[in-house]
Amino acid sequence: MKKIVAVLVALTLLCSCAAALAETRLIIGSGPIGGAFYPIAGGIAQIINDNVDGVTVNVQVTAGGIENTRLVGQGELDLGLSSSQQCYDAFSNTGIFEGEGLQINVLGTLHSTVMQIVTLADSDIVDVTDLKGKKVAIGEAGGGAEQQFKEMISILGWSENDVNMVYLPYDQAMDQLGDGLIDAGCVYSGIPAASVTNLASRKDVRLVNVPEDVQQLWAAAVDPFLNVFEVIPAGTYSGMDKDIFTAVQRIQLSCSPDMSEELAYEITKAIYENLDTLVTFHASAATINREAAPNTVGANQHPGAAKYFEEAGLK
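Rules used throughout
- Each residue is numbered by its place in its chain's sequence as written, counting from 1.
- Totals for whole chains, interfaces and linings use all residues, but because this is a predicted model, local features are given only for residues with pLDDT of at least 70 and pairs of side-chain atoms are given and counted only at 80 or more.
- Side-chain metrics in this entry use all non-hydrogen atoms of the structure; hydrogen atoms and water are not considered.
- Only protein atoms enter the 1 Å grid, on which a cavity is a set of points fitting a 1.4 Å probe that cannot get out and a pocket is an open set with protein on both sides within 12 Å along at least 5 of 7 lines, lining residues being those with an atom within 4 Å of a point.
- Grid points are joined across faces, edges and corners, and a volume is the space filled by probe spheres set on the points.
- Gly is put with the polar residues, along with every residue not named as nonpolar or charged; the nonpolar set is Ala, Val, Leu, Ile, Met, Phe, Trp, Tyr, Cys and Pro, and the charged set is Asp, Glu, Lys and Arg.
- Two rings from Phe, Tyr or Trp (for Trp, the six-membered ring) form a pair when their centres sit within 6.5 Å of each other. Planes less than 30 degrees apart are called stacked, planes more than 60 degrees apart edge-to-face, and all others tilted.
- The criterion is that NZ of a Lys, or CZ of an Arg, lies within 6 Å of the ring centre and within 35 degrees of the ring normal, and then a charge sits over that ring.
- By definition, any uninterrupted DSSP run of H or I lasting at least four residues is a helix, any uninterrupted run of E lasting at least two residues is a strand, and each is numbered from the N terminus.
- The span one expects for a helix is its residue count, reduced by one, times 1.5 Å.
- Throughout this description, buried means an accessible area under 20% of the type-specific maximum (1.4 Å probe, protein chains only), exposed means over 50%, and partly exposed covers the range between.
- Every angle, taken between N-to-C directions, lies between 0 and 180 degrees, and every axis is a line fitted to C-alpha atoms, over only the stretch in contact when it is a helix.
- With respect to orientation, any angle under 35 degrees is reported as roughly parallel, any angle over 145 as roughly antiparallel, any angle of 65 to 115 as roughly perpendicular, and every other angle as oblique.
- In a left-handed crossing the near helix is turned counterclockwise from the far helix by less than a right angle, and in a right-handed crossing that turn is clockwise.
- Note on contacts: a residue pair qualifies if any of its non-hydrogen atoms lie within 4.5 Å across the two residues.
- We count a salt bridge whenever a side-chain nitrogen from Lys or Arg sits within 4 Å of a carboxyl oxygen from Asp or Glu.
- Pairing between strands is defined by DSSP: at least two bridges between them are needed.
- With its strands directed away from the observer, a crossover is right-handed exactly when the path from the first strand over the helix to the second travels clockwise.

Asks: Any chance you could break down empty space enclosed by the protein for me, citing the residues and the numbers?
Replies: Tallied over the full model, the rule gives one cavity of 30 Å³ or more. Put simply, the largest cavity is a space of about 60 Å³. For the largest cavity, the full set of lining residues is Pro32, Gly35, Ala36, Phe37, Ala63, Gly64, Gly65, Gly143, Gly144, Tyr170, Tyr188 and Ser189. Looking at the lining of the largest cavity residue by residue, the classes come out as six nonpolar, six polar and no charged.

Asks: I'd like to hear about the packing of aromatic side chains, residue by residue, with values.
Replies: All chains considered together, the criterion is met by four aromatic pairs. What links up through ring pairs into an aromatic cluster is the set Tyr265, Tyr272, Tyr308 and Phe309. Positioned over the ring face of tyrosine 265 is lysine 307, at 5.4 Å from the centre of the ring.

Asks: Give me helix H9 (residues 261-272): which residues, what numbers.
Replies: Under the 1.5 Å per step criterion, the end-to-end length of H9 is 17 Å for twelve residues, consistent within 8% with the ideal 16 Å. Taken residue by residue, H9 has Leu263, Ala264, Tyr265, Ile267, Thr268, Ala270, Ile271 and Tyr272 as its buried positions.

Asks: Explain unusual backbone geometry to me, using residue names and the numbers behind them.
Replies: Here the residue pair isoleucine 191 and proline 192 is connected by a cis peptide bond, since its omega of 0° sits within 30 degrees of zero. Residue position: proline 192 is located in the loop between strand S7 (184-189) and helix H7 (194-200). For asparagine 93, which is not glycine, the phi torsion reads 60° and is therefore positive. Tracing the chain through its elements places asparagine 93 in the loop between helix H4 (84-92) and strand S4 (105-120).

Asks: Run through the packing of H9 against helix H11 (residues 303-311), naming residues and quoting values.
Replies: Each pair of packed helices can be described by the angle between their axes along with the distance between the axes. With their axes 7 Å apart at the nearest point, H9 and H11 run at an angle of 50° to one another. Looking at the two axes, H9 sits oblique to H11. Crossing of H9 over H11 shows right-handed handedness. Residues Glu261, Ala264, Tyr265, Thr268, Lys269 and Tyr272 of H9 form the contact with H11, whose own contacting residues are Pro303, Gly304, Ala305, Lys307, Tyr308, Phe309 and Glu311. In terms of residue class, the contact of H9 with H11 is built from seven nonpolar, two polar and four charged.

Asks: Residue-level account of the pattern of salt bridges, with values.
Replies: Tallied over the full model, the rule gives six salt bridges. The salt bridge partner of aspartate 124 is lysine 134, with a shortest N-O separation of 3.7 Å. In this pair, aspartate 124 is assigned in the loop between S4 and strand S5 (135-137) and lysine 134 in the loop between S4 and S5, connecting sequence segments ten residues apart. Exposure remark for aspartate 124: the relative accessible area of 56% places this residue in the exposed category. Linking lysine 150 and glutamate 146 is a salt bridge whose minimum nitrogen-to-oxygen distance equals 3.0 Å. Here the residue lysine 150 and the residue glutamate 146 both occupy positions in helix H5 (residues 144-156), the gap between them amounting to four residues, near one helical turn. According to the relative accessible area criterion, lysine 150 is partly exposed, its value standing at 22%. Here the residues in one salt-bridge network are Glu146, Lys150 and Glu160, joined through shared partners.

Asks: Before we move on, could you go through the pairing of strand S2 (residues 55-60) and cite the residues and values that matter?
Replies: The side chains of a regular strand alternate, residue by residue, between the two faces of the sheet. Judged from the six bridges that link them, strand S1 (residues 24-29) and S2 form a sheet pairing that is parallel. By the bridge assignment for S2, leucine 26 is matched with valine 57. Running through helix H2 (residues 37-51), the crossover from S1 to the neighbouring parallel element S2 is right-handed.

Rendered as structure tokens:
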């Protein structure tokens, strides 16, 4: 009898160990709290946890797309939210990732992310050309706000000394803007950005316009598939009484090329068949278009994702 019990205990332990080994744990890189990346990454994690058997995804707070892309490309993150430009730079070993040899794939496109340069409604800053000599928060080092803002400065023909740039998380930047400690803050996020909405609940704000001549210069310098200009309508935030133009990119879900085809397939299926759930995490997820999801740019689409889109009749 004792031998039978011992055998049963051993089998139970063996089965438990096998189950533990069978479980896959993944980490998704999000972004700073106060932007859209953080809640959307949380929504993606929950969707995968609820719909893909044996997989647990945890969210890691990061500085944003640059850090996500680098960590995915180095194999330190399994998934990350990255802009199309960041995917391109990583995959082609150019731009901000030149010489780093990052290895990256993408699963599908997600929401639009918007360069929102925020100032108070009574500020004399109207267009981006008014930012020279001003104190501007550009997010955390390694985030998409930094990349976009510095790219814009280059387009304008300015040096980085022409603007007093400070690195602050979005929430802190909006607090300092409200207190008059900085002149503007750049938030690179879907709309509405929680940090901007919070400030607008206390003080009227507006977004700084990218005028047509700057748009033309920018479009001539950057691949049009990676950067477009769209209208952000008046009333988006309290105090914003005019439409403005700003730079917009599509966010993509980056992943390691080493991810198995089966896992990439199941993750892609779970996300794009549960977009109604994802939109409950952040309103910007409403801009995710399932039919356009396969139209990734900048890096190779993972074969598992391509398989799902083909089977779903989307590619």
